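Observations on chain architecture
This is what each chain is made of:
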Amino acid sequence: MPTHDTPAASVDKRCPCGSGRPYAACCGACHGGEPATTPEALMRSRYSAFVLGLDDYLRDTWHASTRPTALDLDASTRWVRLEVLDQGQDDDRGRVHFRATFREGRRWGVLEEDSRFVREAGRWFYVDGKPVVERLKPGRNEPCPCASGRKFKSCCGLG
């Protein structure tokens, strides 16, 4: 699998996937060409690729039977939080149920999906999922959707 260029500034920072690990020791390894060891690891690396705009990585890790001919990543979408709700693996098949919170301008949303994965020749690939997108309307005194632990009005609700 080819390696993918990653933003240099993000190498020493925490990984966007929410693991708490440094990017280089987490999803950065997958983005650099190491195969994901589990369906969850692949899903996390794909989420991080969405955050970082690595469309080549997303295409390369998409199973050939369902891979789109082109990806049109919306630069106005800012992915801010990933929650893995459930996951499982049975030999060369896997699944991951997750929620990804995003922001588009001043609007917030959540994408929830049950994703299917398959392992071929020692590499995991995303096959498909059933995404459900729902809009969020955080109140001023509610916890911020970015998971900072602060109230919305004191965090992302400022701007």
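Residues numbered from 1 in each chain as written. Predicted model: local features only at pLDDT ≥ 70, side-chain atom pairs only at ≥ 80, totals over all residues. Heavy atoms only, no water.

**Quick look at the overall build of the chain**
- When you go through the chain residue by residue, the secondary structure sums to 3 helices and 5 strands.
- Reading the chain from its N end, one meets helices and strands in the order α-α-α-β-β-β-β-β.
- Computed over the C-alpha atoms, the radius of gyration of the chain is 16 Å, within 12% of the 15 Å expected from 2.2 N^0.38 for a compact globule of 159 residues.
- Overall, the chain is about 50 × 35 × 30 Å in size when its C-alpha atoms are taken along their principal axes.
- Burial statistics for the chain: of 159 residues in total, 38% are counted as buried.
- With an accessible surface of roughly 9,100 Å², the chain has 47% of that area assigned to carbon and sulfur atoms. (Helix = DSSP H or I, 4+ residues; strand = E, 2+ residues; numbered from the N terminus. Rg over C-alpha atoms; globule rule 2.2 N^0.38 Å. Buried < 20%, exposed > 50% of the residue type's maximum accessible area, 1.4 Å probe, protein only. Areas by Shrake-Rupley, 256 points an atom, 1.4 Å probe, with all protein chains shown as cover.)

**A word on helix H2 (residues 39–52)**
- For H2, with 14 residues, the first-to-last C-alpha span of 20 Å sits near the 20 Å given by 1.5 Å per residue.
- Within H2, 10 of the 14 residues are buried, leaving the element largely enclosed by the surrounding structure.
- Residues Pro 39, Glu 40, Leu 42, Met 43, Arg 44, Ser 45, Arg 46, Tyr 47, Ser 48 and Ala 49 constitute the buried set of H2.
- Buried residues along H2 sit in contact with helix H1 (27–31), helix H3 (55–60), strand E1 (77–90), strand E2 (93–104), strand E3 (107–120) and strand E4 (123–129).
- Following H2 by one or two positions, Gly 53 adopts a phi angle in the positive range, close to 75°. (Expected span 1.5 Å × (residues − 1). Contact = heavy atoms within 4.5 Å.)

**Observations concerning the packing of aromatic side chains**
- Summed over all chains, the structure comprises 6 aromatic pairs.
- Between the aromatic rings of Phe 117 and Tyr 126, the centroid separation amounts to 5.8 Å while the plane-to-plane angle is 70°, which identifies the pairing as edge-to-face. Summarising the burial analysis for this pair, Phe 117 and Tyr 126 share the class buried.
- Aromatic ring contacts, followed pair by pair, group Tyr 47, Phe 50, Trp 79 and Phe 102 into a single cluster.
- Positioned over the ring face of Trp 62 is Arg 46, at 4.9 Å from the centre of the ring. (Phe/Tyr/Trp six-rings, centres within 6.5 Å; stacked < 30°, edge-to-face > 60°. Lys NZ or Arg CZ within 6 Å of the ring centre and 35° of its normal.)

**Quick word on the nonpolar core**
- Among the nonpolar cores identified, the biggest contains 25 residues, and Phe 98 and Phe 117 are the most heavily contacted of them.
- Put simply, the parts of the chain that give this core at least two residues each are H1, H2, H3, E1, E2, E3 and E4.
- One finds Val 80, Trp 108, Cys 146 and Phe 152 within the second-largest nonpolar core, a separate group that totals 7 residues. (Core = buried A, V, L, I, M, F, W, Y, C linked by side-chain atoms within 4.5 Å.)

**Notes on the pattern of salt bridges**
- Using the criterion set out here, one finds 8 salt bridges in the structure.
- Salt-bridge contacts for Arg 95 lead to Asp 86; the nearest nitrogen and oxygen are separated by 3.0 Å.
- According to the relative accessible area criterion, Arg 95 is partly exposed, its value standing at 37%.
- Through salt bridges that share partners, Arg 81, Glu 83, Arg 99 and Glu 112 make up one connected network. (Salt bridge = Lys/Arg side-chain N within 4 Å of Asp/Glu carboxyl O.)

**Here's the deal with the side chain of Thr 77**
- With respect to the secondary-structure elements, Thr 77 resides in strand E1.
- The buried category is assigned to Thr 77, whose relative accessible area is 17%.
- Setting aside chain neighbours within four positions, we find Thr 77 in contact with Phe 102, Arg 103 and Glu 104.

**Brief notes about the state of the cysteines**
- Taken as a whole, this structure holds 0 disulfides when the rule is applied.
- Of all cysteine sulfurs, the one in Cys 15 lies closest to Cys 27, which takes part in no disulfide; the gap is 3.4 Å.
- No disulfide involves Cys 30; its sulfur sits 6.2 Å from the nearest other cysteine sulfur, which is in Cys 27. (Disulfide = S-S within 2.5 Å.)

**Description of the confidence of the model for the chain**
- The predicted model of the chain averages 90 in pLDDT, with 92% of residues at 70 or higher.
- Here residues 1–6 is modelled with pLDDT under 50, and outside its nearest four sequence neighbours on either side it reaches 18 contacts, counting other chains as well. (pLDDT = per-residue confidence, 0-100.)

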